[in-house]
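The primary structure of each chain is shown beneath.
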Amino acid sequence: MEEIQKIKNILGLLVKIDWAEQEDAKSLLLLTERVNTLIMESENKPKYQLNVLDLVNISEPLTSQLLKLLFKYRLKNRYVICEAFLKHFLEPFGYDAELFACPKITAETEHIDVGIQEKGKYAVIIENKLKGAVFQRNQLARYIQKMRNEGYNDDQIFIIILPGYIDRNIFDHINMSVWRLPFDWEVPNQERTCAFSDAVSCMCDFDKSCQMCDKCVKNLRDKFKSHTLVLDIEMVDWLENDCLSLIPNDEIVFRTAIIQFIDFLKGRYNKRLNNKLIMELEQFLREQLLSDKQTALEQWDFLNAKKKEVKNLIAGLDSLQISVGKDMVDEWRTRLAVKWAKYLKNEEHKSFGICMNGVWCGCWYDPNDKECPSPYWGFQCDNPTEEQKAMVERIIEKVGIRKVTRNPENGWIAWYQTFHGDEKCEAFYEAAKELGYIK
C-alpha cells in the first residue's frame, strides 16, 4: 500500500506540474496580447507597413538583380555606391580602394549571385542568402576556382555573405564541403563522386570519405577566412546612413527603391521596431515581470527562466503550425478528390497532384524547405523539355497568375506559396482541360 501511495503522489505531482506549465503558457499568451496592444496604441508604433518587396514575396534572384542595379548607379560618371560599398566594407580586409575605376557588375551570371570585378585588380563574390537558401555542394570553392581560372590570385578575391537571419557564428555553421573543391567540381551537382544522398552535402560533411578524397582541395576555408565577410544589420546601417546620402534628393524613384530594400532587410533581421518603442516595451515588461524586492541577479535569473518559457512556447506554436499546414494540404486534396479521382496521386500530409504530359501539377508542403516553409502550388518535372515548359506557361497565362517563381533547373517549372491551394489547382485543372492537356 505504501508503494501505491508513492506512485499516486508522483502522478499527482506530475499533474500539478503539467497544470502549472499550461498556466504559464496561458499567461505568456496574454502578455503577448498586451504587448501587441501597447505597440498598436503607442505614439512610437511603427509607421503604416506597406513594403512592395514583402508584398510580392521577392525571390532571391530578384534581390540579386536589385543589388546589381544599386551598385551600377553612376553619378558624374563614377559608380559612387559600389565604390563606397567596397571601400567601407572590404578595405579593412586588404582591398585596395585605389584600384577602383570601372567595375564589371553582374547578377546571376555563372551561378554567382552578384559579382563585382575589375580584370587583374579584384573580384568580389556576393553570396545572397537573404531568403534562406542553403549553401550548395562545393559552392564557394567552385566560385573561388572560377575566379582563379579568370586570372585572379587569392589576395584579389573577396567573399561577402548576405544571410537571411542574424547569426554571429554563421561562418562556422557553413558545411565543410562548401569550401572544398573536388577534382570533378565542374560536373553537375549530383554526379560528383563525393556527393551525398541529399542535394547539398558531400560525404566529408558526415566524416565519411570517398575514393577521390586525396584529390580534393581542402584548405580554402582557412585560406579565405580573412577575405570573407558576413553582412547582416551592418548592411542595413550602411544603406540607411551612408548610401542614401550619396544619392541626390531628386532621384526620388531610386531613393524610394533603396528605402524599400532597407525596410525589407529590417524585416528579415527583425529590426523594424524603433528604439523609442523598444524602450517603451522594456519599461512595460519591467513593470509586469520584475519586483523591486528582487536583486539584480534574481531578476536576471527570472528573465532567463521566462525566455526559456517563451522559447518553449514558440517551439510549441511552430509544431502546431506545421501540423495545421499538413492538415491544410489534406483538406485541399479532399475537396479536389472527387473531380481529380481518376488522376490524383498524393503523399499523406505532404503533397498531392495530377500528371499533365509528364509534369506534376499540385500542392506541396515541406516545413523544412527554407525557401518556402509554407504550402505552395507548383508544376514539377525533372529535366523538363521546352514543350513542357511552354505547356505550363500557357496554363499559368490562361489562369491569370502573376506571382510566379521559376526554377526549372531544380525541377520546378513554376511555383508560388499559397493558402488557397485547392482554388489554384482547380483553376489549373480547368485551364489544362480547355487547352487540351487533359482529356
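Residues numbered from 1 in each chain as written. Predicted model: local features only at pLDDT ≥ 70, side-chain atom pairs only at ≥ 80, totals over all residues. Heavy atoms only, no water.

Q: Break down the pattern of salt bridges for me, with residues and values.
A: Evaluated as defined, the whole model comprises 24 salt bridges. A salt bridge links aspartate 154 to lysine 223, with the shortest nitrogen-to-oxygen separation between them at 3.6 Å. Linking aspartate 154 in the loop between α5 (139-149) and β4 (157-162) with lysine 223 in helix α7 (residues 220-224), this pair joins segments that are 69 residues apart in sequence. Judged by its relative accessible area of 19%, aspartate 154 is buried. (Salt bridge = Lys/Arg side-chain N within 4 Å of Asp/Glu carboxyl O. Helix = DSSP H or I, 4+ residues; strand = E, 2+ residues; numbered from the N terminus. Buried < 20%, exposed > 50% of the residue type's maximum accessible area, 1.4 Å probe, protein only.)

Q: I'd like a description of the sheet that holds strand β5 (residues 228-230), backed by residues and values.
A: Strand order in this open sheet of five strands is β1-β2-β3-β4-β5, and the pairing throughout is mixed. In this open sheet, the two strands that pair with only one neighbour each are β1 (104-109) and β5. The average angle at which neighbouring strand axes cross in this sheet is 20°, direction not considered. As judged from the three bridges shared by β4 and β5, these two strands associate in the parallel manner. Counted as the bridge partner of isoleucine 161 is valine 230 from β5. (Pairing = 2+ DSSP bridges. Axes fitted to C-alpha atoms, helices over the stretch in contact; angles between N-to-C directions.)

Q: Can you tell me about the packing of helix α11 (residues 296-340) against helix α13 (residues 421-434), naming the residues and giving the values?
A: Direction vectors running N to C along α11 and α13 enclose 25°, while the axes themselves pass 9 Å from each other. Relative to α13, the element α11 is oriented roughly parallel. In this structure, α11 crosses over α13, and the sense of that crossing is right-handed. In this structure, α11 uses Trp332, Arg335, Leu336, Lys339 and Trp340 to contact α13, whose residues at the interface are Gly421, Asp422, Cys425, Glu426, Tyr429 and Glu430. For the contact of α11 with α13, the class distribution of residues is five nonpolar, one polar and five charged. (Parallel < 35°, antiparallel > 145°, perpendicular 65-115°, else oblique. Left-handed = near helix turned anticlockwise from the far one by under 90°. Contact = heavy atoms within 4.5 Å. Nonpolar A, V, L, I, M, F, W, Y, C, P; charged D, E, K, R; others polar.)

Q: Explain the packing of aromatic side chains to me, and be specific about the residues and the numbers.
A: Any aromatic ring pair is given by two values, namely how distant the centres are and how the planes are angled relative to each other. What the rule picks out here adds up to 18 aromatic pairs. Taking 6.2 Å as the distance between ring centres and 85° as the angle between the ring planes, the aromatic pair formed by tyrosine 95 and phenylalanine 158 counts as edge-to-face. Taken together, the residues tyrosine 95 in the loop between α4 (80-90) and β1 and phenylalanine 158 in strand β4 connect sequence positions 63 residues apart. Both residues of the pair, tyrosine 95 and phenylalanine 158, count as buried. Summarising the aromatic geometry, the rings of phenylalanine 261 and phenylalanine 264 are spaced 6.1 Å apart at their centres and angled 15° between planes, so their arrangement reads as stacked. With a gap of three residues between them, phenylalanine 261 and phenylalanine 264 both fall in helix α9 (residues 252-268), about one helical turn apart. Both residues of the pair, phenylalanine 261 and phenylalanine 264, count as buried. Through a chain of ring-to-ring contacts, the aromatic side chains of Phe71, Phe85, Phe89 and Trp238 assemble into a single cluster. (Phe/Tyr/Trp six-rings, centres within 6.5 Å; stacked < 30°, edge-to-face > 60°.)

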